[in-house]
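Each chain is listed here by its residues.
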Amino acid sequence: MLLTNLENVPGKNITKHLGLVQGSTVRSKHVGRDIMAGFKNIFGGELEGYTELLHESREEAINRMVEQATSIGANAVLNIRFSTSSITQGASELFTYGTAVVLE
Amino acid sequence: MIELIIIMALLLIGYVVGTHLEKSHYHSIKERETELNNIPAIASKVLPAEFDTCETTLVAGNVVISVDYFKKFVAGLRIIVGGRVSTFETLIDRARREAILRMKEEARQLGADYVFNIKMETSSISKGQKNAIGSVEVLAYGTAIIRK
């Protein structure tokens, strides 16, 4: 599966458009992480726990999108976009979408 | 009285530790930026014709950075009179540059020469809540161009 956020793939022609595919996930960390993050709010600096959270969510959202693209017979997803939002404290939603296509 | 002392202590700790962390972070950002200068990040989505035989793949980098007590306090004061909240400007600047660096690092591991069509996503983990954890999360992503 070829993933790109460009609108075309260099040197390859699109033979078929299969429409929009998407994947989303909402994740949270356990309370311990939140307490640690609370302490970090005094000192500043990176919140590794949340960085990891966002990283995992991104992988998961991409996986779901790829799954959907595979099931409709695509071999590439073009023009991928990510979107993040917060739902409640310590939980974040990551949404990704793109156009599924068949490349020659 | 005791509350005042606690607040003063938190302000002092936040200022000293926060300033130190920010300085060392900026130092490491500048170092890695010169190191990764050979992989230009380009915001254009149109590929020049010379890249027709290249491989492309999605790369991304993310970071969550927290405010410190001092920054929060200064911003709280600034909101009363309005104007530039410079303590938060540096916070977001650090987060954006760090996210781009992580994205470039991923691109370098793939042996890429360029990263095209950079997009950024900024949000806060808990917005508008009481006693919320003040932090900014940045996700940077783009398409790595790998010359064969």
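Remember, predicted model here, so these are calculated numbers, not experimental data.

(A) Molecular detail of the interface of chain A and chain B. Counting residues at the interface gives 37 residues for chain A, matched by 50 residues for chain B. Overall, the association of chain A and chain B removes approximately 3,400 Å² of surface from exposure, summing both partners, and the carbon and sulfur fraction of that is 56%. The interface formed by chain A and chain B includes 2 salt bridges. A salt bridge links Glu 46 of chain A to Arg 102 of chain B; the nearest nitrogen and oxygen atoms lie 2.9 Å apart. At the surface where chain A touches chain B, the tally comes to 13 residue pairs in polar contact (both at pLDDT 80 or more). Of all the elements in the fold, those that place two or more residues in the side of chain A that touches chain B are β1 (2-3), α1 (31-43), β3 (44-46), α2 (48-71), β4 (76-88) and β5 (91-103) of chain A. Of the pairings in the sheet, the one linking β3 of chain A to strand β1 (residues 55-68) of chain B comprises 2 bridges and is antiparallel in character. Residue pairing for β1 of chain B: Glu 46 of chain A is matched across the bridge by Ile 65 of chain B.

(B) Fine view of the nonpolar core. All names here are of chain B. Of all hydrophobic cores here, the largest spans 21 residues; its most connected members are Val 59, Ala 95, Met 103, Ala 107 and Val 115. Contributing elements (two or more residues each) for this core: β1, α3 (86-109), β2 (114-123) and β3 (135-146). If we ignore the near neighbours within four places in the chain, the residues touching Ala 95 are Val 63, Ile 65, Val 136 and Val 138.

(C) The arrangement of the sheet that holds β1 of chain A in detail. Residue and element names in this part refer to chain A. Ordered by their spatial adjacency, 4 strands build an open sheet running β1-β4-β5-β2, and the pairing between neighbours is mixed. On the outer flanks of this sheet lie β1 and β2 (14-28), each paired with one strand and no other. Two elements, β2 and β5, share 13 bridges in a ladder whose sense is antiparallel. When the bridges of β5 are listed, Val 26 appears paired with Glu 93. Contacts from α2 reach β1, β2, β4 and β5 within the one sheet, and its direction differs from that of β2 by about 145 degrees.

(D) Representation of the sheet that holds β3 of chain A within the structure. In space, the 4 strands of this open sheet follow the order β3(A)-β1(B)-β3(B)-β2(B), with antiparallel pairing throughout. Looking at which strands have only one partner, the edges of the open sheet turn out to be β3 of chain A together with β2 of chain B. Along the sheet, successive strands turn relative to each other by an average axial angle of 20 degrees, direction set aside. Pairing between β1 of chain B and β3 of chain B: 12 bridges, direction antiparallel. Each bridged residue has a counterpart across the sheet, and for Glu 55 of chain B the counterpart in β3 of chain B is Ile 146 of chain B.

What counts and what doesn't
- Residues numbered from 1 in each chain as written.
- Chains lettered and ligands numbered in written order.
- Predicted model: local features only at pLDDT ≥ 70, side-chain atom pairs only at ≥ 80, totals over all residues.
- Heavy atoms only, no water.
- Contact = heavy atoms within 4.5 Å.
- Buried area = accessible area lost by both parts, 1.4 Å probe.
- Salt bridge = Lys/Arg side-chain N within 4 Å of Asp/Glu carboxyl O.
- Polar contact = N/O pair within 3.5 Å; in protein donor to acceptor, adjacent residues only side chain to side chain.
- Helix = DSSP H or I, 4+ residues; strand = E, 2+ residues; numbered from the N terminus.
- Pairing = 2+ DSSP bridges.
- Core = buried A, V, L, I, M, F, W, Y, C linked by side-chain atoms within 4.5 Å.
- Buried < 20%, exposed > 50% of the residue type's maximum accessible area, 1.4 Å probe, protein only.
- Axes fitted to C-alpha atoms, helices over the stretch in contact; angles between N-to-C directions.

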